[in-house]
Amino acid sequence: MVSLCSFIRPNKYAGLGLLLLVLQSYAQISPSSGQDRLNALQKHQESRKNSPFKEISFRNVGPAIMGGRVIDMEVNPEDPTEFYLAYATGGLWHTKNNGLSFEPIFDNEMVIGIGDIAINWDSPTRTIWLGTGEVNSSRSTYAGIGMYKSTDNGKSWTYLGLSDSHHIGEVTLHPTDSLTAWVAVMGHLYSPNKERGIYKTTDGGKSWKQTLYINETTGAIDLQINPQQPNELYAGMWYRTRSAWNFEESGVTSGIYKSVDGGSNWKLVSGAESGFVTGPGTGRIGLAVYPKKPSIVYAVVDNQDPREPDSKKVNDSTYQLADFKSLTKTAFQELDSAKLNKFLRANRVPAVYTVQRLKQMVALDSISPNALYNYIFVDDGFQNKSVKGCEVYRSADAGKTWTKTNQKPIENYSSYGYYFGKIYVSPMNPEKVFILGIDLMVSEDGGKTFASIDKPNVHSDHHALWINPSHDNHIINGNDGGCNISYDKGAAWFKVQAPSVGQYYSITVDKAKPYNIYGGLQDNGSWYGPSNHKESPYWTERGEYAYKRIGGGDGMQAQVDTRTNQLVYTGSQFGFYTRINLATKDRKLIRPTHAMGEFPLRFNWQTPILLSSHNQDVLYYGSSKFHRSLNQGENLQTMSSDLSNGGKQGDVPFGTITTIIESPIRFGLIYIGTDDGNIQVSKDGGNSWTMLGKPGKKQAGLPQGLYVSRVIASKWKEGRVFVGLNGYRNDHFTAYIFVSEDYGQNWKQVGKNLPPEPVNVIREDPKMQEILYVGTDGGVYGSIDSGENFHAFTKDLPVAIPVHDLAIQEEANELVVGTHGRSLYICSMNAIQEMVKSNQGKKN
């Protein structure tokens, strides 16, 4: 047994500086083509058909109570108890009893992520048009593969093309011509491409014509039609680019276009003389046409122009962060001590940094005069509170001119409007307008003022709304937590009985009997519950749901001290973790800090944590540096310098640790991976680190610059280590898995027969070293020959579902699958292990 004390010694940074100078080029990572993706999906289908695992059964254990992200809905105007919910990554669901129960109708197709749906309600067999790939441009926005159509209410589907569209914002049907439809295509999220803009079909989707195209970085986000004159259409065009380190959510090519000839030709109607916002701050645009008088058109825009300071609110009693950006040494000494102290406390600067100490440190040149600015400033994409944000415009002359309706900033909406951007007008009242943001808001005066109609049982972050055309107080809302229905304009809501569509980021298990599953979900916090759970409405009678919420925000990773199964570490985005005692409910925040004079640590959206399996008092934590606690997170020690290649200028944290693993065999043998492609190893508990897999060295052999999604140290051989690389943030969808038998000195690619789907997780079987399990953006796969060949698990699972994490419960001999769209599945590993034993017996 290795002594814990043997790793308690000073940090060793020697030699890391030179290693970290190696730069990796993202330009060499090419986006996958539409044809490549079609080929990949065909390969996925073949893998399912020929899989030796096709009879391995899975059970879904929920949970369902938190729901998942609804991005669109369609409601039967003649019978509103019948409607369809489209989930971002959970598929398409149909209800005929006002949401009491749902049936999935898009589970057998090549993709499951949806951007928009449209339904021809006059069709006798119910024709559904479906555009794949949501447009909300978040970190968990998955690329689609184009358009589908069903003419039998979802029993079967026909693929209609547009394979390189990736993200579809709107599908609009001609009200009287069933063969004519238009599609608003946003295009790639992480790379430029030409298949974006407005597409039109006049033959039921057999062929498409691109009728509006701006450039490779401007796509169509919304498309609305004049129902009285269907040759008149309005398109919202949006300039946006995204990389792993920066999100540019506005640009000069964003604007509103109009067609008067059925979408064949388009004209910009939001130019400089129109009254609509223009310029580089013009962001996402949503549109709504008042059906009774279609000359009335509303638009909501995410205006990224800086907000002018309110002179009435200027507070001279404290400083602003910008005041410290360019100070001289003398100017810092002259700062008002009382105001500076107020600023320090308001920004939670550690109490050790008093005004007197800071001025002394500057005077002695221990820190620079702008050190305080550098210490505090972080731009993680949630800091742009000083922009104008949501603005509403109205046109009374069919788009010729526009007038901004709101004279004051719209609060409780969002300053990251790229995630929302939808507006709706009542079919009965042109003055009644709804906008969707963090809150669902309504205006009764034509957009002059807005009020939130959220209630405690309505989840925030709204993406879809339906207004009853006969009774506009009856509304159905889709949000990050599912679907809510109101009959009194939002005065009261009920939440529909959600299917199991939770979007898990990460999972782990304990050793209780029955064992519990812990995990974090997209915008639905962290939960834990029993592995023998079966979804049933009976819990509403019993008064207690099996799964319990233990954290908020976007739930991230979880770790459990299995010595008692009572101490849980869980948290939310950007590394805000908490240690929770489930018995006493005591909580302690765990997050490392930097010293004055240093730049802030960088934290991945899903910051990794790990409890040592050798001593569960030891907690490992990854920011841009590696941290370790020897006392259950009471104190965190920074053990390394920056283990990435350094940050990049942008508003998304980059240059961060993404994965941490310790060898189950050897205490202190630790590997980390980063979002910019670094893999490093420490053999002394984190005191010193060695870079692995870099070009020009003996151990070269790994693709460079890809996000390291997972490093797994083997339980079977000390030197064996697996690596999964992920090209999602480059629109590059190849599956990359590598194995090393010599601590990462040399690498061999395995899983070459996997469909081209980004890899998220790798796990070893607990009993047979020949068996491996892999989760990708398309599903879960297994290998019984040490990774030479992988085969799809198919039974009881959707054809395509993003799998973000896998967990092994050894005592139960079960594999737990954490999906990003269908909650949790479990299968026994017994039959898989028997396959290997049978093969070994035949060889003998």
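Residues numbered from 1 in each chain as written. Predicted model: local features only at pLDDT ≥ 70, side-chain atom pairs only at ≥ 80, totals over all residues. Heavy atoms only, no water.

Undergrad: Outline the overall build of the chain, listing residues and values.
TA: Across its full length, the chain carries eight helices and 58 strands. In terms of overall dimensions, the chain is globule-like: its C-alpha atoms have a radius of gyration of 27 Å, near the 28 Å expected for 844 residues. With the C-alpha coordinates of the chain rotated into their principal frame, the extents come out at 85 × 80 × 60 Å. Burial statistics for the chain: of 844 residues in total, 63% are counted as buried. (Helix = DSSP H or I, 4+ residues; strand = E, 2+ residues; numbered from the N terminus. Rg over C-alpha atoms; globule rule 2.2 N^0.38 Å. Buried < 20%, exposed > 50% of the residue type's maximum accessible area, 1.4 Å probe, protein only.)

Undergrad: Can you lay out the side chain of Ser150 for me, pointing to particular residues and giving the numbers?
TA: As for its position among the elements, Ser150 is in strand E8 (residues 147–150). One polar contact links Ser150 to Asp152, side chain to side chain, over a distance of 2.8 Å. When neighbours within four sequence positions are excluded, Ser150 is seen to be in contact with Arg126, Thr127, Ile128, Lys155, Ser156 and Trp157. (Polar contact = N/O pair within 3.5 Å; in protein donor to acceptor, adjacent residues only side chain to side chain. Contact = heavy atoms within 4.5 Å.)

Undergrad: Could you give an account of helix H4 (residues 337–346), naming the residues involved and the relevant values?
TA: Along H4, the positions that sit buried rather than exposed are Leu340, Phe343 and Leu344. One face of H4 carries all of its buried residues, which in axial projection span an arc of 100°. Exposed residues lying more than 90 degrees from the buried face of H4 are Ala338 and Ala346. The N-terminus of H4 is capped by Asp336, whose side-chain oxygen sits 3.1 Å from the backbone nitrogen of Ala338. Two residues or fewer after H4 comes Arg348, characterised by a positive phi angle close to 55°. (Arc of directions from axis to C-beta.)

Undergrad: Kindly report on the packing of H4 against helix H5 (residues 355–363), identifying the contributing residues and their values.
TA: Between H4 and H5, the least distance of the axes is 10 Å, while the angle of their chain directions is 105°. What the angle tells us is that H4 and H5 run roughly perpendicular. Each of Ser337, Leu340, Asn341 and Leu344 in H4 lies in contact with H5, whose residues at this interface are Val355, Leu358 and Lys359. Per-class residue counts for the contact of H4 with H5 are four nonpolar, two polar and one charged. (Axes fitted to C-alpha atoms, helices over the stretch in contact; angles between N-to-C directions. Parallel < 35°, antiparallel > 145°, perpendicular 65-115°, else oblique. Nonpolar A, V, L, I, M, F, W, Y, C, P; charged D, E, K, R; others polar.)

Undergrad: If you had to explain the pattern of salt bridges to someone new, which residues and values would you point to?
TA: By the definition in use, this model includes 25 salt bridges. Residue Asp365 pairs with Lys329 through a salt bridge whose shortest N-O separation is 3.0 Å. With a gap of 36 residues between them, Asp365 in the loop between H5 and helix H6 (371–376) and Lys329 in helix H3 (residues 329–333) connect regions that are remote in the sequence. Via salt bridges that share partners, Asp561, Arg563 and Asp617 belong to a single interconnected network. (Salt bridge = Lys/Arg side-chain N within 4 Å of Asp/Glu carboxyl O.)

Undergrad: Quick one: what's the story with the packing of aromatic side chains, residue by residue and with numbers?
TA: Within this structure, the stated rule accounts for 30 aromatic pairs. Between Phe83 and Phe102 the ring centres are 6.0 Å apart and the planes differ by 70°, which places this aromatic pair in the edge-to-face class. On the criterion of sequence distance, the pair formed by Phe83 in strand E3 (residues 83–87) and Phe102 in the loop between strand E4 (91–95) and strand E5 (103–104) is long-range, its members being 19 residues apart. The exposure class assigned to Phe83 is buried, which follows from its relative accessible area of 0%. A ring pair is formed by Tyr416 and Phe420, whose centres lie 5.9 Å apart and whose planes are at 40°; its orientation type is tilted. (Phe/Tyr/Trp six-rings, centres within 6.5 Å; stacked < 30°, edge-to-face > 60°.)

Undergrad: Explain the sheet that holds strand E27 (residues 451–452) to me, using residue names and the numbers behind them.
TA: Taken in spatial order, the four strands line up as E24-E25-E26-E27 in an open sheet, and their pairing is antiparallel. The strands lining the two open edges of the sheet, one partner per strand, are strand E24 (422–425) and E27. Pairing of E24 with strand E25 (residues 433–436), which is carried by four bridges, proceeds in the antiparallel orientation. Residue pairing for E25: Val425 is matched across the bridge by Val433. (Pairing = 2+ DSSP bridges.)

Undergrad: Can you lay out the environment of Trp266 for me, pointing to particular residues and giving the numbers?
TA: Note on placement: Trp266 falls in the loop between strand E18 (255–259) and strand E19 (267–268). Considering only alpha carbons, one finds Trp266 and Ile256, 10 residues apart in sequence, at a separation of 9.8 Å. Beyond its immediate sequence surroundings of up to four residues, Trp266 is in contact with Ile198, Thr211, Leu212, Leu223, Leu233, Tyr234, Ala235, Tyr257, Lys258 and Ser259. At a separation of 3.2 Å, a polar atom in the side chain of Trp266 contacts the side chain of Thr211. Within the structure, the side chain of Trp266 is placed 3.0 Å from the backbone oxygen of Gly263, a separation counted as a polar contact.

Undergrad: Residue-level account of the nonpolar core, with values.
TA: Of all hydrophobic cores here, the largest spans 32 residues; its most connected members are Tyr671, Val711 and Ile737. Not counting chain neighbours up to four residues away, the residues in contact with Ile737 comprise Val723, Lys748, Gln749, Val750, Leu754, Val759, Ile762, Val774 and Phe790. (Core = buried A, V, L, I, M, F, W, Y, C linked by side-chain atoms within 4.5 Å.)

Undergrad: Summarise the environment of Phe106; cite the residues concerned and give the values.
TA: Of note, Phe106 is situated in the loop between E5 and strand E6 (114–120). Measuring from C-alpha to C-alpha, the distance between Phe106 and Lys388 comes to 40 Å, with 282 residues separating the pair along the chain. Not counting the four nearest positions on each side in its chain, Phe106 is found in contact with Leu92, Val111, Ile112, Ile114, Leu130, Thr132, Tyr148 and Trp157.

Undergrad: Describe the confidence of the model for the chain, naming the residues involved and giving the relevant values.
TA: On average, residues of the chain score 93 in pLDDT, and 94% of them are at 70 or above. This stretch, residues 1–27, has a pLDDT under 50; its non-local contacts, to residues over four places away or in other chains, come to 59 contacts. (pLDDT = per-residue confidence, 0-100.)

Undergrad: I'd like to hear about the sheet that holds strand E11 (residues 181–185), residue by residue, with values.
TA: Ordered in space as E10-E11-E12-E13, the four strands form an open sheet in which the pairing is antiparallel. Of all the strands in the sheet, the pair left with one neighbour each is strand E10 (168–173) and strand E13 (209–212). Put simply, the sheet's adjacent strands are angled 25° from each other on average, direction ignored. Direction of pairing for E10 relative to E11: antiparallel, over a ladder of five bridges. Looking at the pairing, Thr172 lines up with Trp182 of E11.

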